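# Understanding the architecture of this molecule
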Amino acid sequence: MKRAGRLMFVAVPLVAVTVYVAVPGEKGDGGPSDSRSSSSPSASSGSADADLDAPEKKELAQRIVSSAENSSLDWRAQYDYVEDIGDGRGYTAGIIGFTTGTHDLLTLVELYTESHPDNALEPYLPALRSVDGSDSHEGLDPGFTAAWKKEAQKDAFKRVQDSQRDRVYFDPAVRLAKRDGLGALGQFIYYDAMVMHGPGDPGFHGIRERAMAEADTPAEGGDEQSYLDIFLDTRRATMKSEKRDTTRVDTAQRRFLYDGNLDLHTPLEWKVYGMPYKLD
């Protein structure tokens, strides 16, 4: 028998210093009281503007993800980001945290080189293929990070990063969330999980399958809030097993869920790693 979600309201206090960023196109008048009822038959039955792939909502999603990935709401400042954060995945780089150890950074550089040969990253392709699947820097140091930063100043490389983010992470997550009957918040929860864990099992699809074994999705006739609560439980357990910080779930996504904000209306307030953020 599938279990019901906990859905207890947990107050998350904010400290006095808060980051304020305006989201273009958002009116800021849709708080939790405007959210869809959890008894609605399908989260995707409303206006297309309420989905995460609407321009304003997509911009919002990138900023929230950036707060967790880069401790900043300015996701466009992250194209040239590159460092080894010690998570066993080698170098993490770019707007969505492409890594040398999980194939997506290699794919990115290969695609970029196909359309823009003789770039500063091309000489590192043999090393990227060699270290793929590991945390090794062999053949990458000391020049790889400087080459990444150099190419990241070019609009063409930024466009390839955008395209790969959408193709590998954003579009599949949103498409699957819509199929499961989820609104903007659920679509974002899927997207953030896809970014951190990647596809596959172990990964996003494994988390989703385990959550669906415990609760029905809205498309299956289940309650949206209860299903998302269990999805977050499942994801949190995965993060804990990987010894990862869980605040992007505990004091961000769970906060939105317990506020009943299934359409991800602004204003939004949350915390990641103890740092408070607000989007009006």
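### Topic: the layout of surface pockets
- Volume-wise, the largest pocket comes out at about 630 Å³.
- In this structure, the largest pocket is lined by 32 residues; those nearest its centre are Asp-87, Arg-89, Val-195, Met-196 and Arg-244.
- At the level of secondary structure, the elements contributing two or more residues to the lining of the largest pocket comprise α1 (55-69), α2 (104-115), α5 (155-179) and α6 (184-197).
- A per-element tally of the lining of the largest pocket places α5 first, with 4 residues.

### Digging into the sheet that holds strand β4 (residues 98-99)
- A sheet is described by the order of its strands in space; here 3 strands give the open sequence β2-β3-β4, paired in antiparallel fashion. Edge positions in the open sheet fall to β2 (82-84) and β4, since each of these has one partner strand only.
- Where β2 lies against strand β3 (residues 91-93), 3 bridges are found, and the strand directions are antiparallel. Within the sheet, the bridge partner assigned to Glu-83 lies in β3 and is Thr-92.
- Along the sheet, helix α4 (residues 144-151) makes contact with β2 and β3, crossing β2 at roughly 155°.

### Considerations on empty space enclosed by the protein
- Evaluated as defined, the whole model comprises 1 cavity of 30 Å³ or more.
- When its volume is computed, the largest cavity comes out at roughly 40 Å³.
- Lining of the largest cavity is provided by Ile-64, Ser-67, Ala-68, Phe-188, Asp-192, Arg-248, Ala-252, Gln-253, Trp-270 and Val-272.
- When contributions to the lining of the largest cavity are tallied by element, the ones reaching two or more residues are α1, α6, α9 (247-258) and β5 (268-272).
- Taken together, the residues of the lining of the largest cavity sort by class into 6 nonpolar, 2 polar and 2 charged.

### Re the confidence of the model for the protein
- For the protein, per-residue confidence averages 87 on the pLDDT scale, and residues scoring 70 or more make up 83% of the total.
- Note on residues 8-46: pLDDT is under 50 here. Beyond four places in sequence and across chains, it has 78 contacts.

### Remarks on unusual backbone geometry
- Residue Pro-142 follows Asp-141 across a cis peptide bond; omega there is 5°.
- Here Pro-142 lies in the loop between α3 (125-131) and α4.
- A cis amide bond links Thr-266 to the next residue, Pro-267, at an omega of 5°.
- Despite not being glycine, Lys-243 has its phi angle at roughly 60°, a positive value.
- Tracing the sequence through the fold places Lys-243 in the loop between α8 (224-241) and α9.

### Looking at the nonpolar core
- Core analysis: the largest hydrophobic core is formed by 74 residues, its most contacted members being Phe-144, Trp-148, Tyr-191, Leu-264 and Trp-270.
- Counting residues per element, this core draws most heavily on α6, at 10 residues.
- The residues touching Leu-264, leaving out its near neighbours within four places in the chain, are Leu-52, Lys-57, Leu-60, Ile-64, Ala-184, Leu-185, Phe-188 and Phe-256.

### Overview of the packing of aromatic side chains
- The tally for this structure, following the rule as stated, stands at 13 aromatic pairs.
- Taking the centre distance of 5.1 Å and the plane angle of 70° together, the rings of Tyr-190 and Phe-204 count as edge-to-face. With Tyr-190 in helix α6 and Phe-204 in helix α7 (residues 204-214), the pair connects residues that are 14 residues apart, well separated along the chain.
- Among the residues examined, Tyr-190 registers a relative accessible area of 0% and is labelled buried.
- Note on Phe-204: relative accessible area 0%, which makes it buried.
- Taken together, the ring pairs connect Tyr-91, Tyr-112, Tyr-124, Phe-144, Trp-148 and Phe-157 into an aromatic cluster.
- Its guanidinium or amino end placed over the ring of Phe-170, Lys-58 lies 4.9 Å from that ring's centre, counting from NZ or CZ.

### Re α9
- Of all 12 residues in α9, 11 are buried; the element is thus mostly enclosed.
- Among the residues of α9, Thr-247, Arg-248, Val-249, Thr-251, Ala-252, Gln-253, Arg-254, Arg-255, Phe-256, Leu-257 and Tyr-258 are the ones counted as buried.
- Positioned one or two residues after α9, Gly-260 has a phi angle of 75°, which is positive.

Calculation rules
Residues numbered from 1 in each chain as written. Predicted model: local features only at pLDDT ≥ 70, side-chain atom pairs only at ≥ 80, totals over all residues. Heavy atoms only, no water. 1 Å grid on protein atoms, 1.4 Å probe; cavity = no way out; pocket = protein on both sides within 12 Å on 5 of 7 lines; lining within 4 Å. Points joined across faces, edges and corners; volume = space filled by probe spheres on them. Helix = DSSP H or I, 4+ residues; strand = E, 2+ residues; numbered from the N terminus. Pairing = 2+ DSSP bridges. Contact = heavy atoms within 4.5 Å. Axes fitted to C-alpha atoms, helices over the stretch in contact; angles between N-to-C directions. Nonpolar A, V, L, I, M, F, W, Y, C, P; charged D, E, K, R; others polar. pLDDT = per-residue confidence, 0-100. Core = buried A, V, L, I, M, F, W, Y, C linked by side-chain atoms within 4.5 Å. Buried < 20%, exposed > 50% of the residue type's maximum accessible area, 1.4 Å probe, protein only. Phe/Tyr/Trp six-rings, centres within 6.5 Å; stacked < 30°, edge-to-face > 60°. Lys NZ or Arg CZ within 6 Å of the ring centre and 35° of its normal.

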